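Structure assessment
For reference, the chains in residue letters:
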Amino acid sequence: MMKKNKRSVTNNIWFLVKNTYKWDKKVLSYFALYTVVTAIIPFINMFAPKFLIEELMGANRVERLIIILLGYVVISATLNFLNAYLEGVYSPIITNIGDRYNNLLSEKCMNMDFKYTEDPEVLDDIETARRAVDGNTTGIPGVLRKLFEIFGAGIAFLGYITIVFNLNPWILLYLIVNVVTIYYLAIRAKKYEYSKKNDISQLSRKRNYIYDVMQNFAYGKEIRIFNLSNRMADKFQGLGKEQVKLHKDIKYKNLMVSIVEVFFLLIREGVVYAYLIYQVLYNHMSIGNFVMYSTLIAGFAAWMQKILDNIAHINAQNLYINDYRDFLETDLKTGNSSYVDMPGDNNYEIEFKNVSYKYPNSERYIFRNLSLKINKGQRLAIVGVNGAGKTTFVKLLTRLYEPTEGKILLNGVNIAKFDRNEYYKLFSVVFQEIKMFAFSIAENIALDNKKIDREKVLESIHKAGMKEKIDSLENGIDTPLLKTLDSEGIELSGGENQKLALARGLYKDGPIMILDEPTAALDPIAEYNIYKTFNNIIGDKTSFFISHRLGSTQFCDVIALFEDGEIKEYGTHDELLNKNGKYAEMFNVQASYYKDVRFEAEGV
Ligand SMILES: Nc1ncnc2c1ncn2[C@@H]1O[C@H](COP(=O)(O)OP(=O)(O)OP(=O)(O)O)[C@@H](O)[C@H]1O
């Protein structure tokens, strides 16, 4: 699915630097200052002891010793203070920048075509891309931190090279070979880790899913009633074991590298100290210089290692950044760059023209050549047995999915040609599965943080039959829902949630109304009350009404019965009853359970 692009490290660094500078201009000056400070600090620590020892072992002048000591303390304290200050400043900046990259990914996920939310390949790609923004020391934030450090270290390192070269070029060469070997091994271990990343992504996606099921109380009833807790825990643990095994392999490789690293380090120290001792004993090296060189050479290896480690880290993270950028650049949104203006008359007709549809990754057609027209202001009821495709019809109409073949027209224009956000504005939809957020009731209804029209919220609640319940709450429409974010949050019943969902649709007041079984969870009285005010609720909007309660379809102008991927019957309630086909059969079966009640809706 995702196109794999191989971008160079410099390309990715440029991408990061450009954005970082765009988002926070101050970062560059902190970087410059930090680079200077970190480049100087090691030399202060190296030269001060040399000067002190040489003065002590030579002229031994007290005032000189005091000057050296004071100079050392003042310079070192200032630089170390600056160092600590800058680290304290840039660290949260990088965390913030990491959040912005994280947001880019989340925005992409929230805006991609709905069909991809069920595509396992895309879900894996998201999981992989997320690795670039998940940690604070890995991925993008990790690379930014390393970039901050590496230049100061690089400059200090150049100074080290010059001094060691002057001491003995062979020692310099020896140190470089020693450290580069370790670097090479570290890179190989990181590559191995990367080669396992797909397995890691898949496992953690599965584990996260099971974890979510175990923690998410939405599954609470099924888990208890079907006694799933042990099975879920076993699954979670099984996946955990697989994950541990994978990580163990990776850690084992890293351990091997660490062992070799220690071995190389010991040899390095041994050789260098032997050389310096030899210089003191036989070549008149001063003790001051011995101390300086031993500090320098120990530091040299450590600094070179640090730089190489940083480069290795940046190299390894580069692969994750590539994945991240690949995902951001993958086109997961169907649409044109130029959109057709929405028809402005606020009155809409909709036509399905030879629409066929099968879900992604499925060969089964839910619809074949479906054609259906809903005129302006018309109310269409859609009925059919479970799985007949009623909700799928709504998903196509609301562009959550695109038809596999054929087209859907709004006032004669293919809906694919409209800007998706503009198109969504047309719809007030009450979905079958209701999702409430852990926000206040008002926010849940308005779903708009900018400006909530409280009067309109109350009016929608009233129309949806929720007034009494809301009036009974101390904080009214400001009461938070769910306990996820607020311990004062309330849990609503299924029917109450459904009424709120209806209020949400009413508040939006879009010119096209879609009600997917809006009363399925309501008690008969609440349902009756909704039907009584149905005309008031729908008004003259073009509307779609899905219901299994066939009596309720009488409020609609026309009824379409879906079966086997097509419209089997089409007409008014009375026409379909007279036809004596499937609709009449379904209606009669239902009616036999109830008295033959005809809702006398106001004005119908
Ligand atoms: N995301 C999906 N991926 C693959 N198939 C799906 C998906 N969603 C639904 N289906 C299939 O499409 C068919 C139609 O489902 P749909 O939800 O549209 O039926 P429905 O008429 O609304 O049913 P119900 O009355 O039970 O709500 C079903 O057979 C279902 O298995």
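Residues numbered from 1 in each chain as written. Predicted model: local features only at pLDDT ≥ 70, side-chain atom pairs only at ≥ 80, totals over all residues. Heavy atoms only, no water.

So, on to the overall build of the protein. Regarding its fold elements, the protein presents 20 helices and 10 strands. In terms of overall size, the protein is more extended than a compact globule, its C-alpha atoms giving a radius of gyration of 35 Å where 604 residues would be expected to give roughly 25 Å. Seen along its three principal axes, the alpha-carbon backbone of the protein occupies a region of about 120 × 55 × 50 Å. Looking at the 604 residues of the protein, the share that counts as buried comes to 45%. Of the contacts made within the protein by residues no fewer than 6 positions apart, 75% connect residues no fewer than 24 positions apart. When the accessible surface of the protein is summed, it comes to about 32,100 Å², and 56% of that surface belongs to carbon and sulfur atoms. Taken as two groups, the 73 positive and 70 negative side-chain charges of the protein have centres that lie 6 Å from each other. (Helix = DSSP H or I, 4+ residues; strand = E, 2+ residues; numbered from the N terminus. Rg over C-alpha atoms; globule rule 2.2 N^0.38 Å. Buried < 20%, exposed > 50% of the residue type's maximum accessible area, 1.4 Å probe, protein only. Contact = heavy atoms within 4.5 Å. Areas by Shrake-Rupley, 256 points an atom, 1.4 Å probe, with all protein chains shown as cover. Lys, Arg positive; Asp, Glu negative; His and termini not counted. Charge placed at Lys NZ, Arg CZ, Asp CG, Glu CD.)

Bringing the domain arrangement of the protein into the picture now. On domain assignment, one finds that the protein holds domain 1 (9-198 + 253-329) and domain 2 (378-388 + 424-591). If you average the C-alpha positions of domain 1 and of domain 2, the two centres end up 60 Å apart. (Domains from an automatic or database assignment.)

Quick look at the pairing of strand β7 (residues 512-516) now. Residues in a regular strand project their side chains so that they alternate between the two faces of the sheet. The buried fraction of β7 amounts to 5 of the 5 residues, a majority that puts the element mostly inside the structure. Neither face of β7 is open: one carries I512, I514 and D516, the other M513 and L515, and all of them are buried. Bridging between strand β6 (residues 427-430) and β7 involves 4 bridges; their strand directions are parallel. Along β7, the bridge assignment pairs F427 with I512. Sheet topology note: the β7/strand β8 (residues 542-546) ladder contains 5 bridges and is parallel. (Pairing = 2+ DSSP bridges.)

A complete count under the given rule lists 27 aromatic pairs for this structure. For the pair F437 and F439, a centre-to-centre distance of 5.6 Å together with 15° between the ring planes defines the contact as stacked. Residue classification places F439 among the partly exposed residues on the basis of a relative accessible area of 36%. In this arrangement the basic side chain of R399 is found over the ring face of Y423, its NZ or CZ atom lying 5.7 Å from the centre. (Phe/Tyr/Trp six-rings, centres within 6.5 Å; stacked < 30°, edge-to-face > 60°. Lys NZ or Arg CZ within 6 Å of the ring centre and 35° of its normal.)

Attention shifts here to the sheet that holds strand β1 (residues 350-358). Ordered by their spatial adjacency, 4 strands build an open sheet running β2-β1-β4-β5, and the pairing between neighbours is antiparallel. Strand pairing shows two members of the sheet lacking a second neighbour, β2 (365-374) and β5 (413-414), which therefore form its edges. One ladder, built from 5 bridges, connects β1 with strand β4 (residues 405-410); its direction is antiparallel. Bridge pairing links F352 to I408 in β4. Docked against the sheet, helix α11 (residues 390-397) engages β1, β2 and β4, running at close to 115° with respect to β1. (Axes fitted to C-alpha atoms, helices over the stretch in contact; angles between N-to-C directions.)

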